[in-house]
Amino acid sequence: SDPEQTETYLHDKHSEQSRRVRAVMNPREHDRRAIRVVAQETITKVTNLPASITSAGVCTQDLNLDPCDYLNDFVSQCFLCPASCHVSGDTNAIELFEKDNQVQFARLAQVSVDPRLSNSLAMQKWFVIHSRNTHVLTCLIDFMKTLPPGSVIRYSPRTSEFDITDAGARATRRVTCLIPNFDDELRGLLEQHCAGAKPSANPALHSLLSSFGLSGAV
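Cut-off values and rules
Residues numbered from 1 in each chain as written. Predicted model: local features only at pLDDT ≥ 70, side-chain atom pairs only at ≥ 80, totals over all residues. Heavy atoms only, no water. Buried < 20%, exposed > 50% of the residue type's maximum accessible area, 1.4 Å probe, protein only. Helix = DSSP H or I, 4+ residues; strand = E, 2+ residues; numbered from the N terminus. Pairing = 2+ DSSP bridges. Axes fitted to C-alpha atoms, helices over the stretch in contact; angles between N-to-C directions. Parallel < 35°, antiparallel > 145°, perpendicular 65-115°, else oblique. Left-handed = near helix turned anticlockwise from the far one by under 90°. Contact = heavy atoms within 4.5 Å. Nonpolar A, V, L, I, M, F, W, Y, C, P; charged D, E, K, R; others polar.

**Considerations on the pairing of strand E3 (residues 84-87)**
Moving on, step 1. Neither face of E3 is exposed, since Ser84 and His86 on one face and Cys85 and Val87 on the opposite face are all buried.
Moving on, step 2. Of the strand pairs in this sheet, strand E2 (residues 58-59) and E3 are connected by two bridges, and their pairing is antiparallel. Bridging from a neighbouring strand, cysteine 59 pairs with serine 84 of E3.
Moving on, step 3. Direction of pairing for E3 relative to strand E4 (residues 152-156): antiparallel, over a ladder of three bridges. When the sheet's bridge partners are listed, cysteine 85 is paired in E4 with arginine 154.

Okay, here's the thing in structure tokens:
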């Protein structure tokens, strides 16, 4: 709306224009000593797959040809993606995952005491699925802390297994993620909800509302 402001952008100094071009054409390189960068190079050599640095590890999807459209219900968006690899000893990623895990446990605790849980099938399904996924994240954090530094960890949601690659020996082993029965935990929560529920002043109305998956509480 102001021509003078437009003139400012159009008449940048040549040095300023050159600096902006260099920033685009020559992005800042990663520290080649960083454990995540070493893992990226190892993955590229061993699997012959494209590998990109991410905030949580290394992505093996060719992002130039196939941009990422993966979404999950966690803060760290790469978690549970089949193309995502994580590196043991990666302190920044471990810190990110630990904070994310705290958030997810808080969400589960909030839902477990929500009075709507008894009558909402959607909330019950979410509780079971998210409990399982949060348990997987806990296991991943444990691997990242205890395995030899530089080990590459990939989780397969389809088989519920971790593929762990020793970067030095270039050997991969498969570890099954033992997931507790969260359906039993949900049943226990529902029993607690039923035991603590107040008797309905109008049983007929409560029965009718329940048949539609609704609560008779006002």
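**Some thoughts on the packing of helix H4 (residues 91-112) against helix H5 (residues 121-146)**
Moving on, step 1. One way to put it is that H4 packs onto H5 with a least axis distance of 10 Å and a crossing angle of 155 degrees. With respect to each other, H4 and H5 are oriented roughly antiparallel. As H4 packs across H5, the resulting crossing turns out to be left-handed. Within the contact between the two elements, H4 uses Ala93, Ile94, Phe97, Glu98, Asp100, Asn101, Gln104, Phe105, Arg107, Leu108, Val111 and Ser112 and H5 uses Met123, Trp126, Phe127, His130, Ser131, Thr134, Leu137, Thr138, Leu140, Ile141, Met144 and Lys145.
Moving on, step 2. For the contact of H4 with H5, the residue count by class is 13 nonpolar, seven polar and four charged.

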